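Descriptive structure summary
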Amino acid sequence: MTSSTLELISPRPYYTTQVLASLAVAMGQLAVGLGKGYSSPALQSLAGAREHGGLAISAQQGSWVASLSLLGALVGGLPSGLALRLGRRRLLAAVSVPFAAAWWLAAGAGSVWELYAAAFISGICSSVVAVVTPVYVSEIAQPAVRGSLCSLTKVATSVGLLLSYSLGVALDWRRLAMVASAGPLLLLLGCCCVPETPSFLMFRGRDREARAALQWLRGPSADISSEHDVMRANIVYIKQEQPSCGDASPEQWRALVRPVLVTTGLMFLQKFSGVHAFSFYGVTILDKVLARASAQGAAAVVALLQILAGLTSSVLIDTVGRRPLLMVSSALMSVSLAGFGTFVYVVERLEWTSAQQAPFDWVPMSCVLVCQVAFALGVGPISWLLIGELFPLRQRGLGALAASVSYGCAFVSVKTFVDLERWLGLCGVFWLYAVVSLFCLAFILVFVPETKGRELEEMEERTRFV
């Protein structure tokens, strides 16, 4: 049999347009990362502006500027799930406009209240992007690359974070806000170039558009007949057998227990593992434990390695699987957090001078790097990926509940870090984070299913409690 005949029988998979569509919506995650990294350099710039007669804000007001975006994200989480009924691509395009406007408001702010409003609005928009993006990618991607593409979109968040850190060195807070507004505008442009998800279109009865979108995603020469027929049969089954949330029976509500438990549980545990608190207080923390190395340089290195770890995760997630990466990630985080806390305890107990401590700067730096890389490798991206994978199509908007839990916990984690440090000491805080990461490992072993290579419809049955 000739090679050309073999190609006709088993054509090579075509992933190009799926990658392009994922990169287009990843611009939203880039915008989220730009916002997440904005507060640290912006608050430093605002402090300098105050000294030179610019906009004056207190340290307490600065903490609200940093954390109000998380409160906004909490508020925006649940409505974004309901808004999924409007369409995945359409919702991302719609939210990009107020997202950019929030940054324009920040750039032209004449009072701290305008900065508060900008932070709150950008937080709402970030929450919508965080909920919708993994759903969109999960629905357009084939099982062989679904995990990789979802992980790739999370890498865009780390890229945005690094860009904010880097550009914040040269730009003041107003100019940095204008740069951040480019992220939502790129998202709007990307959404104009990609189709809506085939499953959503078919669910809404737009079969011709669904077929065209599926053909575009699978390639011009791909035979989509079989996949189209299976998708249509699943949609018919969902409409007949799975009523909407308001009409669901007690048995059908019980079928949602495990997806809700898994996604919200992972979000709760990852936010209280200390990784998110480090994103906001990283320079301050490193400045306390590094005797000679630059805290700002170390923070930039951490952000860069997070990007590399995210890229590695996008390669491994569909080969190694979700559960192994989650288990390795949480275990490494627990060990490294405990190591960091122990180092701080030893330095404080022995009362080392800077000269004595300097040769050991590599110890806390290594612990921080291992923790952040482990998070970016597993717990970080996979927690969001599972939102798009575990919920049935009709109830997929319930994944917004996990996003709301995530942002609510992030807000509490960031606001309580200073208090915890005062009560427990820096070493005690990181030991507490290590224990939380250990609980996360136990939670994964007991509750989290493996979803590698499975069709979304197949997982609707496998994620139920028996």
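The present account deals with the structure reproduced in this document. Being a predicted model, the structure only gives us computed values, none of them experimental.

Moving on, we come to the side chain of Gln29. One can find Gln29 in helix α2 (residues 16-51). Relative accessible area serves as the criterion here: at 2%, Gln29 is assigned to the buried category. Setting aside residues no more than four positions away along its own chain, Gln29 makes contact with Val129, Ala130, Thr133, Thr153, Lys154, Ala156 and Thr157.

Here we come to the environment of Ser127. Mapped onto the elements of the fold, Ser127 is located in helix α5 (residues 112-140). On a C-alpha basis, the gap between Ser127 and Val75 in space is 8.5 Å, while along the polypeptide they are 52 residues apart.

What follows is about the nonpolar core. By size, the foremost hydrophobic cluster in this structure holds 94 residues, and its most contacted members are Leu115, Trp173, Leu266, Phe340 and Val448. If you tally residues by element for this core, the top one is helix α18 (residues 362-390), at 13 residues. Formed by 13 residues, the second largest nonpolar core is a distinct cluster that contains Ala130, Ile387, Ala402 and Phe411.

What follows concerns helix α7 (residues 173-180). What α7 keeps buried is the set Trp173, Leu176, Ala177 and Ala180. Mapping the buried residues of α7 onto a view down its axis gives an arc of 105°, with all of them on the same face.

Another aspect to go through is a nonpolar patch on the surface. A surface patch of nonpolar side chains, amounting to about 330 Å² of accessible area, comprises Tyr345, Val346, Leu350 and Trp431. Here Trp431 shows up in helix α19 (residues 399-447). Of the residues examined, Trp431 reaches a relative accessible area of 32% and is grouped as partly exposed.

What follows deals with the packing of α7 against helix α8 (residues 182-191). Between α7 and α8, whose axes approach to 5 Å, the crossing angle comes to 10°. Regarding the angle of α7 to α8, the classification is roughly parallel. Listed contacts from α8 to Met178, Val179 and Ala180 of α7 are Ala182, Gly183 and Pro184. The class makeup of the residues in the contact of α7 with α8 is 5 nonpolar, 1 polar and no charged.

As a further point, take the packing of aromatic side chains. Here the structure, examined in full by the defined rule, presents 8 aromatic pairs. Aromatic pair Tyr345 and Trp431: ring centres 5.6 Å apart, planes at 45°, arrangement tilted. With a gap of 86 residues between them, Tyr345 in helix α16 (residues 322-350) and Trp431 in helix α19 connect regions that are remote in the sequence. Taking relative accessible area as the criterion, Tyr345 reaches 34% and is therefore assigned partly exposed. Residues Phe430 and Tyr433 carry aromatic rings whose centres are separated by 5.7 Å and whose planes lie at 80° to one another, so their mutual orientation is edge-to-face.

Conventions used here
Residues numbered from 1 in each chain as written. Predicted model: local features only at pLDDT ≥ 70, side-chain atom pairs only at ≥ 80, totals over all residues. Heavy atoms only, no water. Helix = DSSP H or I, 4+ residues; strand = E, 2+ residues; numbered from the N terminus. Buried < 20%, exposed > 50% of the residue type's maximum accessible area, 1.4 Å probe, protein only. Contact = heavy atoms within 4.5 Å. Core = buried A, V, L, I, M, F, W, Y, C linked by side-chain atoms within 4.5 Å. Arc of directions from axis to C-beta. Patch = residues over 30% accessible without salt bridge, like charges linked within 9 Å, V, L, I, M, F, W, Y side chains within 5 Å. Areas by Shrake-Rupley, 256 points an atom, 1.4 Å probe, with all protein chains shown as cover. Salt bridge = Lys/Arg side-chain N within 4 Å of Asp/Glu carboxyl O. Axes fitted to C-alpha atoms, helices over the stretch in contact; angles between N-to-C directions. Parallel < 35°, antiparallel > 145°, perpendicular 65-115°, else oblique. Nonpolar A, V, L, I, M, F, W, Y, C, P; charged D, E, K, R; others polar. Phe/Tyr/Trp six-rings, centres within 6.5 Å; stacked < 30°, edge-to-face > 60°.

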